[in-house]
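# Structural description and commentary
For reference, the chains in residue letters:
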Amino acid sequence: MVRIDPSSKLKGKFDEPRELKAILSSQRADFDRAPYPSWSVRKANIEKLRNAIFASEDAFIKVISEDFGHRAAEETMIAEFLVLKGGFSHALKHTPKWMKTRKASTALPYWPAKNRIVPQPLGVVGIISPWNYPLQLAIMPLIGALSAGNRAMLKPSEYTPKFSALLKSVIANNFSDEEIYVATGGVDVASAFSELPFDHLVFTGSTSVGRKVAQAAAKNLTPVTLELGGKSPVIVDQSAKLDLVIPRLVNAKLLNAGQTCVAPDYVLMPQNDINAFSAAVLKQAEKMYPTFAGNDDFTSIIADTHYARLQDLLEDAENKGAKIAVAGSDDKQQLAKERRVPLTVVTNTTPEMKIMQEEIFGPLLPIVASETLDESLQYVQAKERPLALYWFGEDSDKKDKVLKTSHSGGVCINEAAWHVVQDDLPFGGVGPSGMGAYHGEHGFESFSHLKGVFHQSRFSQGKALHPPYTDKTRKMMG
Ligand code: NAD
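The shown structure was predicted, so the numbers you read here are calculated from the model rather than taken from an experiment. (Residues numbered from 1 in each chain as written. Predicted model: local features only at pLDDT ≥ 70, side-chain atom pairs only at ≥ 80, totals over all residues.)

As a structural note, the neighbourhood of the ligand is formed by 28 residues, with Pro130, Gly205, Val209, Gly229 and Cys261 the closest of them. Listing elements by their share of the shell around the ligand, those giving two or more residues are α7 (187-194) and α8 (207-219). In terms of residue count, the dominant contributor to the shell around the ligand is α7 (four residues). Within the shell around the ligand, the residues separate by chemical class into twelve nonpolar, eleven polar and five charged. (Near = placed C-beta within 6 Å. Helix = DSSP H or I, 4+ residues; strand = E, 2+ residues; numbered from the N terminus. Nonpolar A, V, L, I, M, F, W, Y, C, P; charged D, E, K, R; others polar.)

Let us now look at the sheet that holds strand β16 (residues 448-455). Two pairing modes exist for strands in a sheet, parallel and antiparallel, and in both the strands are linked by backbone hydrogen bonds. In spatial order, the strands read β1-β2-β16; together these three strands make up an open sheet with antiparallel pairing. Bordering the open sheet on either side are β1 (102-104) and β16, each of which pairs with just one other strand. Each strand of the sheet is rotated relative to its neighbour by a mean of 30°, with strand direction disregarded. As defined by bridge partners, strand β2 (residues 114-121) adjoins β16 across eight bridges and the pair is classed as antiparallel. Its bridge partner lying in β16, valine 118 is registered against lysine 451. (Pairing = 2+ DSSP bridges. Axes fitted to C-alpha atoms, helices over the stretch in contact; angles between N-to-C directions.)

Take unusual backbone geometry next. A cis amide bond links tryptophan 111 to the next residue, proline 112, at an omega of -5°. Residue placement: proline 112 occurs in the loop between β1 and β2. Between proline 467 and proline 468 the backbone carries a cis peptide bond, its omega angle lying at -5°. Positive phi values are uncommon outside glycine, yet arginine 339 reaches one of about 50°. Its place among the elements puts arginine 339 in the loop between α12 (332-337) and β11 (344-347).

In this section: helix α5 (residues 136-147). Taking 1.5 Å of rise per residue, twelve residues should cover 16 Å, and α5 covers 16 Å from first to last C-alpha, within 8% of that figure. By the criterion of burial, α5 is predominantly enclosed, with twelve of the twelve residues buried. All of the buried residues along α5 are Gln136, Leu137, Ala138, Ile139, Met140, Pro141, Leu142, Ile143, Gly144, Ala145, Leu146 and Ser147. Remark: glycine 149 follows α5 within two positions and exhibits a positive phi of approximately 90°. (Expected span 1.5 Å × (residues − 1). Buried ≥ 20, exposed ≤ 12 C-beta atoms within 10 Å, placed from the backbone.)

Counting residues in hydrophobic clusters, the biggest one holds 129 residues, and the most contacted among them are Val125, Leu142, Ala152, Val234 and Val267. In terms of residue count, the dominant contributor to this core is α5 (eight residues). Apart from residues lying up to four places away in sequence, leucine 142 is in contact with Leu49, Ile127, Ala152 and Leu154. (Core = buried A, V, L, I, M, F, W, Y, C linked by C-beta atoms within 7 Å. Contact = placed C-beta atoms within 7 Å.)

With respect to topology, six strands assemble into an open sheet ordered β5-β4-β3-β6-β7-β15, the strand pairing being mixed. The sheet is open, and its two borders are formed by β5 (180-182) and β15 (434-435), each paired with just one other strand. Bridging between strand β7 (residues 224-227) and β15 involves two bridges; their strand directions are antiparallel. Following the sheet pairing, leucine 226 is matched in β15 by methionine 435. Along the sheet face, α7 touches β3 (124-128), β4 (151-155) and β6 (200-204) and points at about 150° away from the line of β3.

Attention now goes to the confidence of the model for the chain. This prediction gives the chain a mean pLDDT of 95; 97% of its residues lie at or above 70. Across residues 1-14, confidence stays below pLDDT 50; counting only partners more than four residues off in sequence or on other chains, it has 18 contacts. For this predicted complex, the interface confidence reaches an ipTM of 0.97, while the overall pTM sits at 0.94. (pLDDT = per-residue confidence, 0-100.)

Right, let's talk about helix α11 (residues 304-319) for a bit. Taking 1.5 Å per residue as the helical rise, α11 with its 16 residues ought to reach 22 Å, and the 22 Å between its terminal C-alpha atoms agrees with that figure. Taken together, the buried positions of α11 are occupied by Tyr307, Leu310, Leu313, Leu314 and Ala317. Each buried residue of α11 lies within a common arc of 120° when the element is viewed along its axis, so the set occupies one face. For α11, the exposed residues set more than 90 degrees away from the buried face come down to Asp304, Thr305, Glu315 and Asn319. (Arc of directions from axis to C-beta.)

Right, let's talk about the pairing of strand β13 (residues 388-392) for a bit. Within β13, five of the five residues are buried, which leaves it mostly tucked inside the rest of the structure. Pairing geometry for strand β8 (residues 233-236) and β13, over three bridges, is parallel. Following the sheet pairing, isoleucine 235 is matched in β13 by tryptophan 391. With four bridges connecting them, β13 and strand β14 (residues 410-413) associate as parallel partners. Residue pairing across strands places leucine 389 opposite valine 411, the latter belonging to β14. For the crossover from β13 across helix α14 (residues 396-405) to β14, the handedness is right-handed. (Right-handed = clockwise from strand over helix to strand, strands pointing away.)

Contact geometry of helix α2 (residues 39-55) with helix α4 (residues 73-99) gives a least axis separation of 11 Å together with a crossing angle of 180°. One element, α2, and the other, α4, form an angle in the roughly antiparallel class. Of the residues in α4, those in contact with Trp39, Arg42, Lys43, Ile46, Arg50 and Ile53 of α2 are Leu84, Phe88, Ala91, Leu92, Thr95, Pro96 and Met99. In terms of residue class, the contact of α2 with α4 is made up of nine nonpolar, one polar and three charged. (Parallel < 35°, antiparallel > 145°, perpendicular 65-115°, else oblique.)

If you want it as structure tokens, here you go:
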């Protein structure tokens, strides 16, 4: 277990905007001295990062739980460490292949010249990350940045201060400021961070803050990868096998108490099926969590503001005619004290309810009556394009229709959320749920410049394209 070193030379020292600029300059100057790290350098960095993070696993589990009030240790192991394990192994296995110069075809008039694509490190990548999976969402982009041969500066969320301090210490004890730097602090630091002229900026967080980050980056023409949020729908077809749907759906909804960017936000299904479905969902939640209060397996809501926001969504829905059903029979005061919210199913929903307008980011599950697939697809289409869409069913024609006609960052068929942890799939949103993607090779490419290189041949026929123009020139035009 690694302890935070209180005498760390960096502790609280460099997070002023002025110093952030200095750190960026020193990273870039150092990068310019070695602008193309070999595979062995990248490998050493990725391995050092992996070893440092995993050596502190217990400490990370502890501080993340403290920042949340309570976070189930197994959730941190699964959703942070297991995911990172995959990300590290995948990068270590495939980066040499990703780094290779790629062949590209050459059109006939330019033969026998050759075209090549050379992936080149960009320089310094900025990474702004949220609190909900604080380690994974800081380190997965960092793996991509290192695999592509870059330096990086990170800014984790102010909602997880103990985690951020530990991350800063672990990184500072293993890397120089010129290699990787972690800036801590509040929104003022985050805002100044987003204004730095990085060579690429990855932002993971809400759509509203993502807009501000994109504006700040645009002033420097810094390219951005925006990993944002949204309302990810679940469409349950009548062909679905409910005994499979329900445990998978409830698990994805209650992981991290619903504080997951790709958590199922709401369910679309025929009116006649809603009552039985709601009852089964509540029963499943009670099976997984015999109590919600005092249950080590169940995570707390991160902060009082978010707890109050969820209560407000429920109150608003109830005032506008929704029916609310809560799993379990825990004491309400105890739940509030622990900032724990049991799975709560909301039916009789209407579009005017806030719960049907805002990303929920908690264990509330509204159900919307929708009689046909077309109706469900139209409902989804009328909203902003979500980060994920989940379709449950066995009818392959309908499945194809969903895949071809709906827009979302990613999709799971007969599952929810697990597409995110597949190392070889691009992870990213579309429209208001984000732009760009990372994970695996997609991260490598996002954080590289794919440089197009034209190699002219000694035997070039290109002269025919120079004046004075001749019949040969006209012949080349086809
Ligand atoms: P947030 O947008 O409030 O904060 C994210 C980060 O932005 C934090 O580090 C914060 O310090 C920083 N920030 C805040 N104000 C800023 C500003 N003005 N300029 C620059 N940076 C600023 O998001 P959150 O509450 O931490 O996380 C929840 C949101 O993130 C949800 O919407 C969720 O869907 C989304 N999310 C998306 C993904 C994804 O991969 N697409 C993953 C996790 C969370």
